[in-house]
Amino acid sequence: MIQIDYRSPKAIYEQVRDEMKKLIMKGVLQEDERIPSVREIAGMLAINPNTIQRAYRELENEGFIYSVKGRGNFVSPRQEAEQSERLAELLQTFKACSAELMYLGMQKDELIAQIGKGGEEL
């Protein structure tokens, strides 16, 4: 389910967060589906539960999951208002990144080809 690269410079909680996002975006985890508890994931990965808690907190802040006291964490349904706000934010980031890539020498057609591959790398 989740794989951690202990040699990666990326923090473990960020890797957990990103892996969970991928599972949600790919549809492996469905809306309103209960996700494994902090203790379950920590036990599976043999890492500190506080690390998983931090990843889950960030996922909740980003709108990917929600928690129900006493029941656990669940995948959030897509919210149109939040979704359009996030789309605008990501589009702004994309524009800045694509401008820098073109400045560094990437051609427009290469950039378009990379966009076409975007979902494959999830």
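Keep in mind that what you see is a predicted model, and the values were worked out from it rather than measured.

Student: Describe the packing of aromatic side chains, naming the residues involved and giving the relevant values.
Tutor: A full pass over the atoms with the stated rule returns one aromatic pair. When the ring of Tyr66 is compared with that of Phe74, the centres are 5.6 Å apart and the planes differ by 25 degrees; the resulting orientation is stacked. Judged by relative accessible area, which is 27%, Tyr66 ranks as partly exposed. Overall, Phe74 belongs to the buried group, its relative accessible area being 7%. We note Arg54 situated over the ring of Tyr13; from NZ or CZ to the ring centre the distance is 3.8 Å.

Student: Talk me through the environment of Ser8; I want residue IDs and the actual numbers.
Tutor: Among the secondary structure elements, Ser8 is positioned in the segment before helix H1 (12–26). Between the C-alpha atoms of Ser8 and Asp109, which are 101 residues apart in sequence, the distance is 31 Å. From its side chain, Ser8 meets the backbone nitrogen of Lys10 in a polar contact 3.0 Å long.

Student: I'd like a rundown of the packing of H1 against helix H3 (residues 49–61), residues and numbers included.
Tutor: What describes two packed helices is the angle between their axes and the distance between those same axes. Interaxial distance between H1 and H3 falls to 8 Å at its minimum, and their mutual angle equals 50 degrees. When the interaxial angle is binned, H1 and H3 end up oblique. Every pair of crossing elements has a handedness; the one defined by H1 and H3 is right-handed. Residues Ile12, Tyr13, Val16, Arg17, Met20 and Lys21 of H1 pack against Thr51, Ile52, Arg54, Ala55, Tyr56, Glu58 and Leu59 of H3. Its residues assigned to classes, the contact of H1 with H3 comprises eight nonpolar, one polar and four charged.

Student: Give me the lowdown on the environment of Ile47, citing residues and values where you can.
Tutor: On the secondary structure map, Ile47 appears in the loop between helix H2 (38–45) and H3. We classify Ile47 as buried; its relative accessible area is 12%. Expressed as a C-alpha distance, the spacing of Ile47 and Asp32, which sit 15 residues apart in the sequence, is 26 Å. The residues touching Ile47, leaving out its near neighbours within four places in the chain, are Tyr6, Ile12, Val16, Ala42 and Ile52.

Student: Give a description of the sheet that holds strand E2 (residues 65–68) that names residues and reports values.
Tutor: The three strands lie next to each other as E1-E3-E2, forming an open sheet whose pairing is antiparallel. Edge strands, defined here as strands with exactly one partner in the open sheet, are strand E1 (34–35) and E2. In the sheet, E2 pairs with strand E3 (residues 72–75) via four bridges, with the strands oriented antiparallel. Directly across from Ile65, in E3, lies its bridge partner Val75. Together, E1, E2 and E3 form the strand contacts of H3, whose direction differs from that of E2 by roughly 110 degrees.

Conventions used here
Counting of residues starts from 1 at the beginning of each chain's written sequence and follows it residue by residue. Where totals are concerned, whole chains, interfaces and linings use all residues; where local detail is concerned, this predicted model gives features only for residues with pLDDT of at least 70, and gives and counts side-chain atom pairs only at 80 or more. Note that the side-chain values use all heavy atoms of the structure and ignore hydrogens as well as water. Between the rings of Phe, Tyr and Trp (Trp by its six-membered ring), a pair exists once the centres lie within 6.5 Å; its type follows the angle of the planes, with under 30 degrees stacked, over 60 edge-to-face, and the other angles tilted. A 1.4 Å probe rolled over the protein chains alone gives each residue an accessible area, and that area as a share of the maximum for its type sets the label: buried under 20%, exposed over 50%, partly exposed in between. To sit over a ring, a charge needs its Lys NZ or Arg CZ within 6 Å of the ring centre and within 35 degrees of the ring normal. The way it works is that DSSP assigns letters per residue, a run of H or I at least four long becomes a helix, a run of E at least two long becomes a strand, and they are numbered from the N terminus. Residues adjacent in sequence count toward polar contacts only when both atoms are side-chain atoms; beyond that, a polar contact is any pair of N or O atoms within 3.5 Å, and within protein one must be able to donate a hydrogen and the other to accept it. Where helices are involved, their axes are fitted lines through C-alpha atoms of the stretch in contact, as for all axes, and angles between N-to-C directions lie from 0 to 180°. Here roughly perpendicular refers to angles of 65 to 115 degrees, roughly parallel to angles under 35, roughly antiparallel to angles over 145, and oblique to all remaining angles. Note on convention: the crossing is left-handed when the near helix lies turned anticlockwise from the far helix by less than a right angle, right-handed when the turn is clockwise. Whether two residues are in contact is decided by their heavy atoms: any pair within 4.5 Å suffices. Each residue gets one of three labels, nonpolar for Ala, Val, Leu, Ile, Met, Phe, Trp, Tyr, Cys and Pro, charged for Asp, Glu, Lys and Arg, and polar for the others, Gly among them. The rule for pairing is simple: two strands pair if DSSP sees at least two bridges between them.

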